[in-house]
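Listed below are the residues making up each chain.
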Amino acid sequence: MGKRSTESKKQDWRTVGVGALAGLISAGVLFAIAELIAAFFGPVASPLTSVGSTFIDFTPAWMKNFAIATFGTNDKMVLLLSMGIVAALLSAVAGVVALKSLRIAMGMVGAFALVMAVCIITRAGAGPFDLLPLLVGTAAGLWALRFLSQSLLTQPGTRGTEQTDPVPGAAPSRRMFLIKSATLAGVAIVAGFGGSVLSASRNTARAFRDALKLPSPKIKAAPLPVGVQAPVDGVTPFVTPNEDFYRIDTALIVPELDPETWELRVHGMVEEELRITFDELLKSELIESHVTLTCVSNVVGGNLAGNAKWLGFPLREVLARAKPTAGADMVLSTSSDGFSASTPLPVLLDDRDAMLAIGMNGEPLPLEHGFPVRMVVPGLYGFVSATKWVVDLEVTTFAEKAGYWTSRGWSSHGPIKTASRVEVPRAFGRIPAGKVSIGGSAWAQTKGISKVEIQLDDGAWQEATLAAEASIDTWRQWSFIWNDAPAGTHKVRVRAYDTGGELQIEDQAPPEPDGSTGWHSINFTVT
Ligand SMILES: Nc1nc2c(c(=O)[nH]1)N[C@H]1C(S)=C(S)[C@@H](COP(=O)(O)O)O[C@H]1N2
Ligand SMILES: [Mo]
């Protein structure tokens, strides 16, 4: 009796394993077929993309911060992985359930498909046809589930019956199941691979970008003065190379916009509605300017800031043509994938270099930085100004409309707060005794930095040497030589003043809702 019950337990576990395998393979078939067909549609038709993007949109601010703080720009990788684990668990459960009741299992799959359908249809720019890949994929997945579980159900004796003899037919049907599973798994792998190759080959954005020759600007960026780079080894490069530029966005899959069909619609509280094509932008009188972008999620001492030479068309001139009507105080810019930013109208009308950018450091915008066109606005955090893959500008009011992050608990306005950081020595670095070089960056976009001070251990504040200033819209480097640093552990703190003489805020504040504050400090050891 005891022996038999452990035998049947073993059998039960084997059955669970086989059921789970059937569920996993069926889910593989569902997603592979759906993604393969989705390659012929836009990215919203991909169930994986739309479910992930919907999840991102519902991520609360604290979780977004946690994800950025913990995983940095790998946050999307982590999201995809977690989604994969959840999907695998759910499909394994459905597979096990199918052995008891195929109907309930199919109902479960149907319910998951329904949730995915809602995610797809509510994405920006989605139409009913975008449901087709999911529909066909789900049909294929359900068929696979039935196909696989039937070959298991025909096998008697595996579900706790009293039978003790070897089950006739069990071995062949198990072999049948394995053959069927392997075949379907193969189909799923081929379809999945085919889908990804196909969607890569349909990426016209990349091909267009590679062939694009940027026009030269009418107003060139002022050449960088000698000495913008502080003379300290290890300080951040003054101009951030494109491939090192921080990337923050809600896009799970980088949007691929075709410049041939790209159009910017300018509408709302305007006298003239406009539609601007990429070709028109290329033929316009462009400006070029160094601007330091900063993310509101940057923590004190963090690295979510980057400096580039941008090429673009002044937003001031776009708005001069559209002619905002009285009462308007905001421009809501929206991307192809539904992100939006609320930029105060006066900021786009004054003389700063706010632009529709098409070039970054002498190249067309990289795809992940907004190709073909993004906004760049000196002095505002990215979440209220730097819309990438921009397709729509609505002139409106703060009372009427809110941007993506504002409706998720962040502020509506986002002027960049004065900040400074120590970059050298590295935190917890060990430095040989003698001359210790200290250096870093400070920024107060649209105002400029007038002074940086450092404090060693708990001593008096001392003035650091400022590197040359490129413009008030860029960060400014600073350095300090400590000639006779004694051995031991030391602390260095930094603080900056803007050109109005205003001192950077000392009180520690977290990034939400409108940007972190506090003086940065690090510890290091002189050996
Ligand atoms: N379409 C789109 N544009 C966007 C975002 C986004 O999520 N989607 N994020 C904004 C934020 S919060 C920042 S800080 C900047 C970052 O620009 P970068 O990725 O080029 O550094 O882009 C802004 N533009
Ligand atoms: Mo940001």
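Since the model is a prediction, treat every value here as computed from it, not as a measurement. (Residues numbered from 1 in each chain as written. Chains lettered and ligands numbered in written order. Predicted model: local features only at pLDDT ≥ 70, side-chain atom pairs only at ≥ 80, totals over all residues. Heavy atoms only, no water.)

Overview of the overall build of the chain
- For the chain, the helix and strand inventory stands at 11 helices and 19 strands.
- Projected onto its principal axes, the C-alpha positions of the chain cover 90 × 65 × 45 Å.
- For the chain, with 527 residues in total, the buried portion stands at 49%.
- Within the chain, contacts between residues at least 6 apart in sequence are counted, and of these 74% link residues at least 24 apart. (Helix = DSSP H or I, 4+ residues; strand = E, 2+ residues; numbered from the N terminus. Buried < 20%, exposed > 50% of the residue type's maximum accessible area, 1.4 Å probe, protein only. Contact = heavy atoms within 4.5 Å.)

Details of the pattern of salt bridges
- For the structure on display, the rule yields 18 salt bridges.
- Asp 249 is the salt-bridge partner of Lys 76, the closest N and O atoms lying 2.9 Å from each other. You can see Lys 76 sitting in helix 4 (residues 75-100) and its partner Asp 249 sitting in the loop between helix 8 (204-211) and strand 1 (263-268), a full 173 residues away along the chain.
- Between Arg 265 and Asp 392 there is a salt bridge, with the nearest N and O atoms lying 4.0 Å from each other. With Arg 265 in strand 1 and Asp 392 in strand 10 (residues 390-396), this residue pair connects regions lying 127 residues apart in the sequence. (Salt bridge = Lys/Arg side-chain N within 4 Å of Asp/Glu carboxyl O.)

What about the confidence of the model for the chain?
- Chain-level pLDDT for the chain is 92 on average; 95% of the residues reach the 70-or-more range.
- Confidence over residues 157-169 falls short of pLDDT 50; this stretch has 16 contacts with residues more than four positions distant or in other chains. (pLDDT = per-residue confidence, 0-100.)

Thoughts on the site of ligand 1
- Around ligand 1 lies a shell of 18 residues, among which Tyr 246, Thr 250, His 369, Arg 374 and Lys 388 are the nearest.
- One of the backbone N or O atoms of Thr 250 is found 2.9 Å from an oxygen atom in ligand 1.
- The backbone of Ala 386 places a nitrogen or oxygen atom 3.0 Å from a nitrogen atom of ligand 1.
- Summarising the interface, the protein chains cover 99% of the accessible area of ligand 1, which totals 530 Å² for the free molecule. (Near = heavy atom within 4 Å. Polar contact = N/O pair within 3.5 Å; in protein donor to acceptor, adjacent residues only side chain to side chain. Areas by Shrake-Rupley, 256 points an atom, 1.4 Å probe, with all protein chains shown as cover.)

Overview of the sheet that holds strand 6 (residues 340-344)
- Pairing is mixed across the open sheet formed by 5 strands, whose spatial order is 2-1-10-5-6. In the strand order of this sheet, the two ends are held by strand 2 (274-277) and strand 6, each with one partner. Pairwise comparison of adjacent strand axes, ignoring direction, gives a mean angle of 20 degrees for this sheet.
- When strand 5 (residues 330-335) meets strand 6, the two strands line up antiparallel, connected through 5 bridges. (Pairing = 2+ DSSP bridges. Axes fitted to C-alpha atoms, helices over the stretch in contact; angles between N-to-C directions.)

Re the domain arrangement of the chain
- Partitioning the chain into structural domains gives domain 1 (2-157 + 168-202), domain 2 (242-408) and domain 3 (419-526).
- With 17 residues of domain 1 at the interface, the matching set in domain 2 holds 16 residues.
- Taken over both partners, the interface formed by domain 1 and domain 2 buries close to 1400 Å², and the fraction arising from carbon and sulfur atoms is 60%.
- Interface area lost by domain 1 to domain 2 is led by Asp 57, Lys 64 and Lys 76, which between them contribute 36%.
- Taken together, the links from domain 1 to domain 2 amount to 1 salt bridge.
- On the surface where domain 1 and domain 2 come into contact, there are 4 residue pairs in polar contact (both at pLDDT 80 or more).
- Counting only elements with at least two residues in the side of domain 1 that touches domain 2, the list comes to helix 2 (47-57), helix 3 (61-71) and helix 4.
- No other element matches helix 2, which puts 6 residues into the side of domain 1 that touches domain 2.
- Of the residues in the side of domain 1 that touches domain 2, the class split is 7 nonpolar, 6 polar and 4 charged. (Domains from an automatic or database assignment. Buried area = accessible area lost by both parts, 1.4 Å probe. Nonpolar A, V, L, I, M, F, W, Y, C, P; charged D, E, K, R; others polar.)

Regarding the pairing of strand 13 (residues 434-443)
- Of all 10 residues that make up strand 13, 7 are buried, and the element is covered over most of its length.
- Relative to strand 13, strand 11 (residues 419-424) is paired through 5 bridges, and the arrangement is antiparallel. Note that in strand 13 the partner of Val 422 across the bridge is Gly 440.
- Summarising the sheet, strand 13 and strand 17 (residues 476-485) pair through 8 bridges and their orientation is antiparallel.

Some points on helix 3
- All of the buried residues along helix 3 are Ala 61, Lys 64, Asn 65, Ala 67 and Ile 68. Buried residues along helix 3 cover an arc of 160 degrees about the axis, so they all sit on one side. Seen from the buried face of helix 3, the exposed residues on the opposite side, beyond 90 degrees, are Trp 62 and Ala 69.
- Turning to helix 3, the residues buried within the fold contact helix 4. (Arc of directions from axis to C-beta.)

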